[in-house]
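Next come the chains, spelled out residue by residue.
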Amino acid sequence: MARRHIECDWSQTPPSVAIVEAIANLGNSTPTDLPATHGIVLSDTIDPEALDTLVTTCESLSLSFSVDEYDVQITGNTLTIRDS
């Protein structure tokens, strides 16, 4: 099981972008290739704009959800992606 932890500055990189980049990295792909090669589209799972707003406006936040075969967890400024 592969796992990636990233400390993020959400004012510099929106959570939706960081998630797609991290999943692509774990899948040895590029973010633009995810829909075609892996069938992964973040907006099929969660509203990216709502996610970005929630994460960037809450000081103390912990949330988790799945995107295809990847488990995503955001706690404060830490993003963790794990394939299941």
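Since the model is a prediction, treat every value here as computed from it, not as a measurement. (Residues numbered from 1 in each chain as written. Predicted model: local features only at pLDDT ≥ 70, side-chain atom pairs only at ≥ 80, totals over all residues. Heavy atoms only, no water.)

**Q** So what's going on with the sheet that holds strand 3 (residues 70-75)? Residues and values would help.
**A** Taken in spatial order, the four strands of this open sheet run 1-4-3-2, and their pairing is antiparallel. The two strands at the open ends of the sheet, each matched to only one other strand, are strand 1 (3-7) and strand 2 (62-67). Neighbour-to-neighbour, the strand axes of the sheet open up by a mean angle of 15°, direction not taken into account. Each of strand 1, strand 2, strand 3 and strand 4 (78-83) is contacted by helix 1 (residues 15-26), which is oriented at about 35° to strand 4, the strand it contacts most. (Pairing = 2+ DSSP bridges. Helix = DSSP H or I, 4+ residues; strand = E, 2+ residues; numbered from the N terminus. Axes fitted to C-alpha atoms, helices over the stretch in contact; angles between N-to-C directions. Contact = heavy atoms within 4.5 Å.)

**Q** Quick rundown of the confidence of the model for the protein? Include the residues and the values.
**A** Confidence along the protein averages 92 in pLDDT terms, with 100% of residues attaining 70 or more. For the protein, per-element mean pLDDT is lowest for helix 2 (residues 34-38), which scores 85, and highest for strand 3, which scores 96. (pLDDT = per-residue confidence, 0-100.)

**Q** If you had to explain the pairing of strand 3 to someone new, which residues and values would you point to?
**A** Taking every second residue as pointing to the same face, the buried face of strand 3 carries Tyr-70, Val-72 and Ile-74, while none of Asp-71, Gln-73 and Thr-75 on the other face is buried. Pairing between strand 2 and strand 3: six bridges, direction antiparallel. Pairing of Val-67 across the sheet is with Tyr-70, part of strand 3. Here strand 2 hands over to strand 3 after two residues, with Asp-68 in that stretch at a positive phi of 55°. Direction of pairing for strand 3 relative to strand 4: antiparallel, over a ladder of six bridges. Within strand 4, the residue paired with Val-72 across the bridge is Ile-81. Where strand 3 folds back on strand 4, the antiparallel hairpin that results is connected by two residues, among which Gly-76 adopts a positive phi of roughly 60°. (Buried < 20%, exposed > 50% of the residue type's maximum accessible area, 1.4 Å probe, protein only.)

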